[in-house]
Number of protein chains: 2
Amino acid sequence: MTLPDSAMTDLVTPLTEAGSTIELLLRELDRSWPPGVERLQEISRYALIPAGKLLRPLLLVESAQAVGGGGPELVRAALSVEYLHVGSLIHDDVIDGDDVRRGRPSVAARYGVTDAIVAGDALMLGMFAALTDAVEGLPPHRALAAVRVFARAGVDLCRGQALEGELRGDPGCGLDRYLTMTALKTGALFRAACLGGAILGGGSPAQQRAITGYAEHLGLAFQMHDDLLPYTSDPRSTGKSALSDLAAGRPTFPLLLGYAMAPAAGRRELEAALDGTLPPTEALPLVHGLLETTGALDAAREQAAAHAARAKECLAELPAARGAAVLAAVADLSVDRNR
Amino acid sequence: MTLPDSAMTDLVTPLTEAGSTIELLLRELDRSWPPGVERLQEISRYALIPAGKLLRPLLLVESAQAVGGGGPELVRAALSVEYLHVGSLIHDDVIDGDDVRRGRPSVAARYGVTDAIVAGDALMLGMFAALTDAVEGLPPHRALAAVRVFARAGVDLCRGQALEGELRGDPGCGLDRYLTMTALKTGALFRAACLGGAILGGGSPAQQRAITGYAEHLGLAFQMHDDLLPYTSDPRSTGKSALSDLAAGRPTFPLLLGYAMAPAAGRRELEAALDGTLPPTEALPLVHGLLETTGALDAAREQAAAHAARAKECLAELPAARGAAVLAAVADLSVDRNR
């Protein structure tokens, strides 16, 4: 979690608190994954450390806090979400043939495809071992409910990946299918982290619903902003090539808006950019220009911001605990970050 | 579960009972996976139906019966083990580049590697969704304990796969490492199916230990016999090519025994057969002859039978419920089958 350039004073305290949660998560992560003699453990450690933003574990801990729960077991339970997330990223990189992840060789590039598939499996399955171990002291019905939430989220994540594959190459696939895909591929884990945290923290059904609403809007805001990054940020800070979405034929949010807003000639350009007719390096300036002139980039930014705002509105139903302030700050940051 | 040619009378009743459990499992499997519009569901159905032997779900149901438990929720819970198993087979076929599974195109061959990776993930993760849904009516601490057992087994399965990769090509890797690998790659799911059944069925700690002992010996007997099949059975009935183990450089049980029993010249032949120096078609008759003359095949058969016998001995500690008789029959069949 990096402080945005325009650090707002009302964000400083929650961000400090988020920072201290992340410190706890990092310490626990390092403790849980010592350098190992077994190859699979070495690969898992490589994939997990140095850590990414740890956004999903942060959401779990702060959601538990937001309903008045918390404790060291929540930090351990929270890391399990990261295992599922990282396991799925390892498989994503195998599928996309991506050699780079977080500025270093991907697991597939470093250890080969075979070990990448097995290590991804081990992390995804290990999620449930880590979760059940972490929550041993909590009431078993809560722990079991959290397991159910994460298992369903894992399946939804896969459904989202499969749907993404079907939409590939088609800028005219329609916003509805994009939103379904995003709710599954990105939203499911955000939702599970927040709802899982609220369940483990002992939140009431109404609080669980409020947290779920927050998470669903946050997921959309996050992904919409993520889709914008290649057009608005320096690739050195995003860590991903501006061309990779086009090369993979991904119908991202601004492209879909641009397709809806463009005249027929523009639509044909977008089709050629996504179906591989135009090489990505030629396509990028054309697409970028089109997204500017049609106003698609501005529209995408506005919609992302609207979802972040609606995410924050959902928090009104929570007790004024520290967690809610951190969750609000995360919603602000989700659409105000350059990586 | 096929009746062996030499059907022993004392097996007939338990086998009929096993058969009726398998009928229930098949019906529930078909009900749980209707033909779907979503691609991922279609792929999952293709991978699961027609079903394999359903040995692991059978073990779960009968282990629950053997400690006096049972009920329709056990049948649903039992299928979840099959999801984990089949998900891991889908990934195995991606890793090994195998185009055939159970006599039909593998998922990777039929739907491509990308969808095979995602479908395998979905089945493995879906296991925990199916399990937690199935056991909703049972005491939550039992359900949670079963989740923990399966999650750890899933990780062990991956550790076994990684270890198998390390042993590849080396007939001198040693029996200890083979046994460790087998306990992880095959034994872990057998153990989880049996222990999970005993936990869900409300077995006492002593009964859980007895069932675990049974499962561990059964896993070894089963894998040792499986390793023998290419040398003792018609490939049309095993469904796998006699050459595939050699082509993959797998140090299987009879090969390891043969390596320990062979003179220096024989060892060099085995090394050449596994490290790819000799093409598999040339290697097979040499290896087969060596395993015969050294007595390795007989020794492997004896050890498999000894583990099956020890598995049955563990059952003595269970109440004389019908489940135990089925489990004993499964142990007999584990070393008396041609597929």
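In this report, the structure presented in the accompanying data block is examined. A quick note: this is a predicted structure, and the numbers were derived from the prediction, not measured.

1. Some points on the pattern of salt bridges
All names here are of chain A.
Next up, step 1: Enumeration according to the criterion identifies 44 salt bridges over all chains in this entry.
Next up, step 2: Its salt-bridge partner being arginine 250, residue glutamate 164 comes within 3.6 Å of it at the nearest N-O pair. Residue glutamate 164 is located in helix H7 (residues 140-167), and its partner arginine 250 is located in the loop between helix H11 (244-247) and helix H12 (253-261); the two are separated by 86 residues in the primary sequence. Both residues of the pair, glutamate 164 and arginine 250, count as buried.

2. Remarks on the interface of chain B and chain A
Next up, step 1: Contact with chain B, which involves 35 residues of that partner, is made by 35 residues of chain A.
Next up, step 2: Around 3,300 Å² of area is buried between chain B and chain A when both sides are counted, 72% of it from carbon and sulfur atoms.
Next up, step 3: Contact with chain A buries surface across chain B, with Leu125, Leu144 and Arg148 of chain B losing the most and accounting together for 18% of the total.
Next up, step 4: Taken together, chain B and chain A are joined by 8 salt bridges.
Next up, step 5: Among the ionic pairs, glutamate 136 of chain B bridges to arginine 148 of chain A, the shortest N-O distance being 3.7 Å.

3. Topic: helix H12 (residues 253-261) of chain B
Residues and elements named next belong to chain B.
Next up, step 1: Across the 9 residues of H12, 7 count as buried, placing the element largely inside the fold.
Next up, step 2: Along H12, the residues that are buried comprise Phe253, Pro254, Leu255, Leu256, Leu257, Gly258 and Tyr259.
Next up, step 3: Against helix H8 (175-200), helix H9 (205-232), helix H11 (244-247), helix H13 (264-274), helix H14 (280-293) and helix H15 (296-314) lie the buried residues of H12.

4. Here we look at the packing of aromatic side chains
Next up, step 1: Applying the stated rule across the entire model yields 9 aromatic pairs over all chains.
Next up, step 2: Ring geometry for phenylalanine 128 of chain A against phenylalanine 128 of chain B: centres 4.3 Å apart, planes inclined by 10°, an arrangement best described as stacked. With one member in each of two chains, phenylalanine 128 of chain A in helix H6 (residues 113-134) and phenylalanine 128 of chain B in helix H6 (residues 113-134) form a pair that bridges those chains. This pair shows no difference in class: phenylalanine 128 of chain A is buried, exactly as phenylalanine 128 of chain B is.
Next up, step 3: A centroid spacing of 5.5 Å and a plane angle of 25° characterise the contact between tyrosine 178 of chain B and phenylalanine 253 of chain B, whose relative ring orientation is stacked. Of this pair, tyrosine 178 of chain B sits in helix H8 while phenylalanine 253 of chain B sits in helix H12, and the two are 75 residues apart along the sequence.
Next up, step 4: Tyrosine 178 of chain B sits in the buried class, given a relative accessible area of 2%.
Next up, step 5: The exposure class of phenylalanine 253 of chain B is buried, given its relative accessible area of 1%.
Next up, step 6: The ring of phenylalanine 222 of chain A has arginine 337 of chain A lying over it, and the distance from NZ or CZ to the ring centre is 4.0 Å.
Next up, step 7: The ring of tyrosine 259 of chain B has arginine 267 of chain B lying over it, and the distance from NZ or CZ to the ring centre is 4.7 Å.

5. Structural notes on the packing of helix H4 (residues 72-96) of chain A against H6 of chain B
Next up, step 1: Taken N-terminus to C-terminus, the directions of H4 of chain A and H6 of chain B make an angle of 165°; their axes are 9 Å apart at the nearest point. Here H4 of chain A lies roughly antiparallel to H6 of chain B, going by the angle between them. Classified by chirality, the crossing of H6 of chain B by H4 of chain A is right-handed. Taking contact as the criterion, the partners of Leu84, His91, Val94 and Ile95 of chain A in H4 of chain A are, on H6 of chain B, Thr114, Ile117, Val118, Asp121 and Leu125 of chain B.

6. A few points about the packing of helix H4 (residues 72-96) of chain B against helix H7 (residues 140-167) of chain B
All names here are of chain B.
Next up, step 1: At a minimum axis distance of 12 Å, the contact between H4 and H7 shows a crossing angle of 20°. Comparing their axes, H7 and H4 come out roughly parallel. Crossing geometry of H4 relative to H7 is assigned as right-handed. The residues of H7 that touch H4, namely those facing Val81, Leu84, Ser88 and Asp92, are Phe150, Gly154, Leu157 and Gln161.
Next up, step 2: Here the contact of H4 with H7 is composed, by residue class, of 4 nonpolar, 3 polar and 1 charged.

7. Some points on the relation of the copies chain B and chain A
What relates the two chain copies is a rotation about an axis together with a slide along it.
Next up, step 1: Superposing chain B onto chain A requires a rotation of 180° together with a translation of 0.0 Å along the rotation axis, leaving an RMSD of 0.0 Å. This pairing of chains is accounted for by a two-fold axis.
Next up, step 2: Both copies present the same face, since 100% of the interface residues in chain B are matched by interface residues at the equivalent positions in chain A.

The rules behind the values
- Residues numbered from 1 in each chain as written.
- Chains lettered and ligands numbered in written order.
- Predicted model: local features only at pLDDT ≥ 70, side-chain atom pairs only at ≥ 80, totals over all residues.
- Heavy atoms only, no water.
- Salt bridge = Lys/Arg side-chain N within 4 Å of Asp/Glu carboxyl O.
- Helix = DSSP H or I, 4+ residues; strand = E, 2+ residues; numbered from the N terminus.
- Buried < 20%, exposed > 50% of the residue type's maximum accessible area, 1.4 Å probe, protein only.
- Contact = heavy atoms within 4.5 Å.
- Buried area = accessible area lost by both parts, 1.4 Å probe.
- Phe/Tyr/Trp six-rings, centres within 6.5 Å; stacked < 30°, edge-to-face > 60°.
- Lys NZ or Arg CZ within 6 Å of the ring centre and 35° of its normal.
- Axes fitted to C-alpha atoms, helices over the stretch in contact; angles between N-to-C directions.
- Parallel < 35°, antiparallel > 145°, perpendicular 65-115°, else oblique.
- Left-handed = near helix turned anticlockwise from the far one by under 90°.
- Nonpolar A, V, L, I, M, F, W, Y, C, P; charged D, E, K, R; others polar.
- Least-squares fit on C-alpha atoms with pLDDT ≥ 70 in both.

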